Amino acid sequence: VKRAMDEKGLVPNEYAAAHLRVLYTSENRKEGVLKKWTRGGINCASSLRPGKPIFLASDSGLVREYGPIYGRERSGVVVIHENNPNPPLHLDRADVNGTDHPRPASDFYDTFTDLYLLALSGCIFFSKGGYGLWAIYIGGNLTCGYRLKGWNKLTNACDFMGQSGEPRADVFNGPLFLEPIDV
């Protein structure tokens, strides 16, 4: 993780992150839709820490490819971690090619690298799934996260924040642990 951060010029708590799980219910999304969602996710991440680099993690190769291009178009810095395999493995799909044989833990190295790069940002935008939320919990900064439920909202939820601007105030506000259950 440290090597990945050094290679990308990321300093803990000095960048924002975005996790876009865009293939959650469909493996075949149109390129235009994926690009629109990528722009929205990067815009929202930029609003958490204006002017800072953004680490982008996604289950889509197209999103990871387009994110840095969009960042440059906005005079921002968007970096990714190149996963192998590409796309990265989902933790809830640990079998080998649809069999009951589990994968070795080492196959998930890049998945956990993404998770820790998200967590070390200190400020995370996330959408579908629990991966971004898990990263917030691991990172420990429960006051700097933004979750947007619903892809249609992502299209114009945030404007890109360049070198200036105030960080978002409507951050994630949820408990780290659920209340104990009386048994």
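The text that follows walks through the structure, step by step, so that each part is easy to find. (Residues numbered from 1 in each chain as written. Predicted model: local features only at pLDDT ≥ 70, side-chain atom pairs only at ≥ 80, totals over all residues. Heavy atoms only, no water.)

1. Quick look at the overall build of the protein
Applicable threshold: Per the convention used, a helix needs a DSSP run of H or I reaching at least four residues, while a strand needs a run of E reaching at least two, with both numbered from the N terminus. Accessibility here uses a 1.4 Å probe with only protein chains present; expressed as a share of the type maximum, an area under 20% marks a residue as buried, one over 50% as exposed, and anything in between as partly exposed. Here the Shrake-Rupley method, with its probe set to 1.4 Å, supplies the accessible areas, and only the displayed protein chains count as covering residues.
When helices and strands are counted, the protein shows six helices and five strands. Walking the protein from its N terminus toward its C terminus, one meets helices and strands in the order α-β-α-β-α-β-α-β-α-β-α. The burial tally for the protein puts 44% of its 183 residues in the buried class. Of the roughly 10000 Å² of accessible surface on the protein, 52% is carried by carbon and sulfur atoms.

2. A look at the layout of surface pockets
Where empty space is left in the structure can be found by rolling a water-sized probe over the atoms. To keep it simple, the criterion reads: Every definition here rests on a 1 Å grid over the protein atoms only: cavities are sets of points where a 1.4 Å probe fits but cannot get out, pockets are open sets enclosed by protein on both sides within 12 Å along at least five of seven lines, and lining residues have some atom within 4 Å of a point. Grid points are joined across faces, edges and corners, and a volume is the space filled by probe spheres set on the points. When residues are sorted by character, Ala, Val, Leu, Ile, Met, Phe, Trp, Tyr, Cys and Pro go into the nonpolar class, Asp, Glu, Lys and Arg into the charged class, and all the rest, Gly among them, into the polar class.
If you add up the space inside the largest pocket, you get close to 240 Å³. Lining the largest pocket are 16 residues; nearest its centre among them are His19, Arg21, Leu89, His90 and Tyr131. Counting residues per element, the ones that place at least two in the lining of the largest pocket are β2 (54–58), α4 (109–121) and α5 (131–139). Residue composition of the lining of the largest pocket, grouped by class: six nonpolar, six polar and four charged.

3. Structural notes on the state of the cysteines
The following threshold applies: We call a pair of cysteine sulfur atoms a disulfide whenever their separation is within 2.5 Å.
Per the stated rule, a full pass over the model turns up one disulfide. What pairs with cysteine 123 in a disulfide is cysteine 144, and their sulfur atoms sit 1.7 Å apart. On the S-S bond that ties cysteine 123 to cysteine 144, the torsion sits near 100°, and the link is right-handed. Taken together, the residues cysteine 123 in the loop between α4 and β4 (124–126) and cysteine 144 in the loop between α5 and β5 (145–147) connect sequence positions 21 residues apart.

4. Some words on the pairing of β2
The side chains of a regular strand alternate between the sheet's two faces. Worth spelling out the cut-off: Each pair of strands is called paired provided DSSP finds at least two bridges between the two strands. Think of it like this: strands point away, you trace from the first strand over the helix to the second, and a clockwise trace means the crossover is right-handed.
Counting buried positions over the five residues of β2 gives five, a clear majority of the element. By the alternation rule, side chains of β2 split into Ile54, Leu56 and Ser58 and Phe55 and Ala57, which are all buried. Pairing of strand β1 (residues 16–20) with β2, which is carried by five bridges, proceeds in the parallel orientation. What sits directly across from leucine 20, in β2, is serine 58. In this view, the connection linking β1 to its parallel neighbour β2 by way of helix α2 (residues 31–48) has right-handed handedness. Of the strand pairs in this sheet, β2 and strand β3 (residues 78–79) are connected by two bridges, and their pairing is parallel. For isoleucine 54, the partnering residue across the bridge sits in β3 and is valine 78. Chirality of the crossover, the property in question, places the unit of β2, helix α3 (residues 61–73) and β3 among those that are right-handed.

5. A word on unusual backbone geometry
Non-glycine residue asparagine 13 carries a positive phi angle of around 65°. Counting through the fold element by element, asparagine 13 comes out in the loop between α1 (2–8) and β1. On the accessibility criterion, asparagine 13 (42% relative accessible area) is partly exposed. Positive phi, close to 60°, is recorded for serine 75, a residue that is not glycine. Residue placement: serine 75 occurs in the loop between α3 and β3.

6. Regarding the side chain of serine 60
Worth spelling out the cut-off: A contact between two residues is defined here by any heavy atoms of the two lying within 4.5 Å.
Tracing the backbone through its elements, the reader meets serine 60 in the loop between β2 and α3. By relative accessible area, which is 3% here, serine 60 ends up buried. Each residue touching serine 60, except ones within four places of it in the same chain, is listed here: Val22, Leu23 and Leu34.

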